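Chain by chain, the residues run as shown.
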Amino acid sequence: MTVESIDTDVLVIGGGNAALCAAIAARRKGAKVLVVEGAPKFYRGGNTRHTRNMRCAHDTATDTLTGPYTEEEFWDDLLRVTEGNTDEALARHMITKSKEMLTWIAEQGVRFQPSLGGTLSLGRTNSFFLGGGRAMLNALYLTAEKLGIDVLYDAPVTSLDIDNGTFRSAIARVNGKDTKITARSLVAAAGGFEANIDWLKEGWGECAENFLIRGTPYNRGDVLKMLLGSGVEAIGDPTQCHAVAIDARAPKYDGGIITRLDCVVFGIVVNRNAERFYDEGEDFWPKRYAIWGRLVAAQPDQIAYIVFDSKSLKKFMPSLFPPIEAQSIAELAQKLDLPAEKLEATVSGFNDAVQPGTFDHTVFDDCRTKGLAIEKTHWATKLEDPPYYAYPVRPGITFTYLGTRVDKDARMQMASGGGAENMFSAGEIMAGNVLGKGYAAGVGMTIGSVFGKIAGEGAAQHACN
Amino acid sequence: MHATDHLQEAERLMTVCNSCRYCEGVCAVFPAMELRRSFADGDLNYLANLCHNCGACYADCQFSPPHEFNVNVPKILSRVRTDSYRQYAWPKAFQPMFDRNGLAIAIVTALAIAGFILGFAVWHDPSALTSTTGNFYKLMPHTVMAGLFGAVALYAALALIMGFANFWKDVGASSVAAGSGLSLWQAVKDAAALRYLDGGGVGCYNEDERPTDNRRLYHHLTFYGFLLCFAATCIGTVYHYGFGWEAPYGLFSLPKLFGIPGGIGLVIGTIGLMKAKLTRDPDMVDRSKFGMETAFLAMLFATGLTGLLLMALRDTPALGITLSVHLGVVFALFLTMPYGKFVHGFYRFGALALYAAETKADRPATVRKAA
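The rules behind the values
Residues numbered from 1 in each chain as written. Chains lettered and ligands numbered in written order. Predicted model: local features only at pLDDT ≥ 70, side-chain atom pairs only at ≥ 80, totals over all residues. Heavy atoms only, no water. Helix = DSSP H or I, 4+ residues; strand = E, 2+ residues; numbered from the N terminus. Buried < 20%, exposed > 50% of the residue type's maximum accessible area, 1.4 Å probe, protein only. Contact = heavy atoms within 4.5 Å. Areas by Shrake-Rupley, 256 points an atom, 1.4 Å probe, with all protein chains shown as cover. Lys, Arg positive; Asp, Glu negative; His and termini not counted. Charge placed at Lys NZ, Arg CZ, Asp CG, Glu CD. Rg over C-alpha atoms; globule rule 2.2 N^0.38 Å. Core = buried A, V, L, I, M, F, W, Y, C linked by side-chain atoms within 4.5 Å. Axes fitted to C-alpha atoms, helices over the stretch in contact; angles between N-to-C directions. Parallel < 35°, antiparallel > 145°, perpendicular 65-115°, else oblique. Left-handed = near helix turned anticlockwise from the far one by under 90°. Expected span 1.5 Å × (residues − 1). UniProt positions renumbered as here; feature names shortened; annotations may be inferred. pLDDT = per-residue confidence, 0-100. Salt bridge = Lys/Arg side-chain N within 4 Å of Asp/Glu carboxyl O. Polar contact = N/O pair within 3.5 Å; in protein donor to acceptor, adjacent residues only side chain to side chain. Nonpolar A, V, L, I, M, F, W, Y, C, P; charged D, E, K, R; others polar.

Caption draft 1: Main features of the overall build of chain B. A count of helices and strands for chain B gives 14 helices and zero strands. Ordered by position from the N terminus, the helices and strands of chain B form the series α-α-α-α-α-α-α-α-α-α-α-α-α-α. Buried positions account for 54% of the 371 residues belonging to chain B. A separation threshold of at least 6 residues defines the contact pool for chain B, and within that pool the share at least 24 residues apart is 74%. Total accessible area on chain B stands at roughly 16,000 Å², and carbon and sulfur atoms take up 67% of it. A distance of 4 Å separates the average location of the 30 positive side-chain charges in chain B from that of its 27 negative side-chain charges.

Following this line, the structure appears as structure tokens:
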């Protein structure tokens, strides 16, 4: 078998925001850069293609941001969502660096716009990409092309030659041929393993078979596995992933943002046995958004149904699939294949427990139930105005937390102690350093851009010395 | 249910787009869409005519083909748009002109040119066609020329107005007072600058995901070239009737100063637009409308080119034939105006006015639901 070979200064594995920021930063430092992306061109960019904004600290309002967002406030938000599962020094370093990212990213051709319709709550903190994540990627790829960075698509890396913390070469499948790539430095920005159902099963058991994956099927975590197998220190809970409840009718992979549902608050959520299982009125988006995937994963067959009535139909963002509609609860149960008497009992029991109050979904209102085993503590109104509606939901997996440990220079740390000689990582593959738990909108892109740039510059410096 | 498969597909796409909204900053179509929860035929016709076909939403979309959601907004809105031209055409009897538009316009043009050649030869001496007098009006008296073209222009104006009225009613424009002075003025500004043919600020997309397209420039050359030529003709008419100054006019006269750059703009602009059309990413293109779009560009190109030739060849034996061809092309251009791509400018202007009105009122137009 013939083996093709390529030599470069900096090899970047991956093709998303972090990979491109690393490649561009390395190239701007004078290094010769090769990007190998495992996905075909259309699906390039991993989860970046589904993103829409990034969260950067800034001291004043801008054309597209409605007010300041200080480093301290960013840190408070991060501390809150991660419940302390973060490396403070690294996180604060990232937050400080995030300030200059807004300008740097714009200089690479990415354009921003004010927050999108339906996302007013993020208008101050998050910078939205004009045209979304794929538009952002297109801009970065165009800049990379102009700078003379080579990109190979459909080129999954199949093995890494790492010798005691020093990267020597990688083998990638390029046009069906094994190609050996030697490089002075490596930047691994190849994402997590959320599309690898077998790997998810290690943490979740057989129920992972019923998970839907919100991004492309190419986020398999192969590079992460190879790195951890070569002595790189792991960080983050290997069993955990970010799971939200999405429309059960979504495709297995790559349904993206349009399958999300955020109407839990307007009704009740029942499982396959037509029983409620959690307080639907516990908290606001995004916290409730982030917990419902996990809650549904714990239910039989990993499916649940959000049931509401006609008065709520137009109170939330539309989504891809229309809700299932019926004139009575019994008819709805029949359409959903749920036990009809049980659903009627659940609904009437709920309705009887609803206390009088003034509904306001923008605050913790006083609409609640009283006397139920599982109360709905806010936003509880009776389901009494037909037609009735339901959305079937399943866990939708966005990203995984397991990654490679890095230092402030995005240099991978070895399990045996000390930093790797010439290996850096950026993006989701090391997000667990900063984001050990939970999620705040736009943080993934901040991690990718900030550490991507740091990794690229470090890799170039090592390669050119 | 919708009247056509194209409208059905457009509704599916708008539902997808409305649950994503990433393209909100790209152009006017998506903010207009966001004002709506459901999409009647009139809503979709409005959005389709608001779309400038810049292609940015296709290059930006994470769900465009080969993704299974198959989101191809430029292509399907282009189909809905051309279907709407047929639907609005007046009188109804001429709607089939849109079915094989390229062929229809070619036939009308050929007949018109032949008519002028034959007309000159029959009313005059066949030798008049090749004389070198340099005087148009020897071939066709000015009054006849003005009368004939005045009549066809009046007919075209009537048919265009009736078509526009059909559009205005269909999209429910009156429900938000889209005809107000402010809305119309905003539409004038947006149309004159082609504000939404810019991919959201970075330029249009045509061949691929690189915003390297120059269609806005070529469209400006074509559109303003056409206006200059039209102005030159109007000034000539005023000169003739108002002041008794007869053509031919000197090189630095107003008709020439308007007409020559106008003709050059038409020629260069249409070549540029045609080239862009031929290199466009085939995934975004509705091939079935190729004839209509090509015919439109060809007519404008021929108008510009034969006008310039007429000036260059005026003192040669080719005058007669060149004049016949030029008059034939212009005659056919006016006659077929209400039944070809020309109408896009009117409906797009109307859609821009409605968009301005909706934005101001912060509510969508009320569209009569299809029965």
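There's plenty left to go through after this.
Caption draft 2: Broad picture of the overall build of chain A. For chain A, the helix and strand inventory stands at 10 helices and 19 strands. Taken over C-alpha atoms, the radius of gyration comes to 23 Å for chain A, in line with the 23 Å a tight globule of 465 residues would show. C-alpha extents for chain A along the principal axes are approximately 75 × 55 × 40 Å. Residues counted as buried form 60% of the 465 residues belonging to chain A. Residue pairs at least 24 apart in sequence account for 73% of intrachain contacts in chain A once pairs closer than 6 positions are excluded. Surface exposure of chain A reaches about 17,100 Å², of which carbon and sulfur atoms provide 49%.

Caption draft 3: Fine view of the nonpolar core. Phe30, Tyr46, Leu50, Val71 and Val73 of chain B are the most contacted members of the largest nonpolar core, which totals 112 residues. The biggest single contributor to this core is helix H13 (residues 319-336) of chain B, with nine residues. The contact partners of Leu50 of chain B, leaving out residues within four places of it in the chain, are Ala28, Val29, Ala32, Arg348, Ala351, Leu352 and Tyr355 of chain B. By size, the runner-up hydrophobic cluster in this structure holds 105 residues, among which are Ala23, Ala155, Leu160 and Ala172 of chain A.

Caption draft 4: Geometry of the packing of helix H1 (residues 5-18) of chain B against helix H5 (residues 73-88) of chain B. Residues and elements named next belong to chain B. Between H1 and H5, the shortest axis-to-axis distance is 9 Å and the interhelical angle comes to 140 degrees. Taken together, the axis directions place H1 and H5 in an arrangement best described as oblique. Considering only the axes of H1 and H5, their crossing is left-handed. Contacts between H1 and H5 involve His6, Leu7, Glu9, Ala10, Leu13, Met14 and Cys17 on the former and, on the latter, Val73, Ile76, Arg79, Val80 and Asp83.

Caption draft 5: Inspection of helix H4 (residues 132-147) of chain A at higher detail. All names here are of chain A. Between its first and last C-alpha atoms H4 spans 23 Å; for 16 residues at 1.5 Å apiece the expected length is 22 Å, and the two agree. For H4, a buried count of 13 out of 16 residues is recorded, marking the element as mostly surrounded by other parts of the structure. Of the residues flanking the end of H4, it is Gly148, one or two places downstream, whose phi is positive at about 85 degrees.

Caption draft 6: A look at the UniProt feature "transmembrane region" (unreviewed entry) in chain B. Residue and element names in this part refer to chain B. Those places that UniProt annotates as "transmembrane region" (unreviewed entry) correspond, in this numbering, to residues 102-123, 143-165, 221-242, 254-274, 295-313 and 319-339. Taken end to end, residues 143-165 is 100% helix and 0% strand, and its first and last C-alpha atoms sit 32 Å apart. Secondary structure across residues 295-313 comprises 95% helix and 0% strand; the distance between its end C-alpha atoms is 26 Å.

Caption draft 7: Quick peek at the confidence of the model for chain B. Of all residues in chain B, 98% have pLDDT values of 70 or greater, and the mean over the chain is 92. Within chain B, helix H7 (residues 136-139) of chain B has the poorest average pLDDT of any element, 75, and helix H3 (residues 41-50) of chain B the best, 98.

Caption draft 8: The arrangement of the interface of chain A and chain B in detail. In this assembly, 39 residues from chain A lie in contact with 33 residues from chain B. A salt bridge links Glu209 of chain B to Lys41 of chain A; the nearest nitrogen and oxygen atoms lie 3.2 Å apart. Summed over the shared surface of chain A and chain B, the result is 16 residue pairs in polar contact (both at pLDDT 80 or more). Top contributing element to the side of chain A that touches chain B by residue count: H4 of chain A, with seven residues. Residues of the side of chain A that touches chain B, tallied by class, amount to 16 nonpolar, 13 polar and 10 charged.

Caption draft 9: Structural context of the side chain of Thr259 of chain A. Residue and element names in this part refer to chain A. Inspection of the secondary structure puts Thr259 in the loop between strand E12 (241-247) and strand E13 (268-271). By relative accessible area, which is 1% here, Thr259 ends up buried. Of note is the side chain of Thr259, whose polar atom sits 3.2 Å from the backbone oxygen of Gly256. Aside from chain neighbours lying at most four places away, what touches Thr259 is Ile246, Asp247, Ala250 and Phe321.

Caption draft 10: Focus on unusual backbone geometry. Residue Pro387 of chain A is reached from Pro386 of chain A by a cis peptide bond, and omega for that bond is 0 degrees. Structurally, Pro387 of chain A can be placed in the loop between helix H9 (340-353) and strand E16 (388-400). Pro65 of chain B connects to Pro66 of chain B through a cis peptide bond whose omega is 10 degrees. The residue Pro66 of chain B is located in the loop between helix H4 (56-60) and H5 in this model. Even without being glycine, Ala410 of chain A reaches a positive phi, approximately 65 degrees. Checked against the element boundaries, Ala410 of chain A lands in the loop between strand E17 (403-404) and strand E18 (411-413). A positive phi angle, near 50 degrees, is found at Leu194 of chain B, a position not held by glycine. Among the structural elements, Leu194 of chain B can be located in the loop between helix H9 (181-193) and helix H10 (215-243). On the basis of relative accessibility, which here comes to 9%, the residue Leu194 of chain B falls in the buried class.

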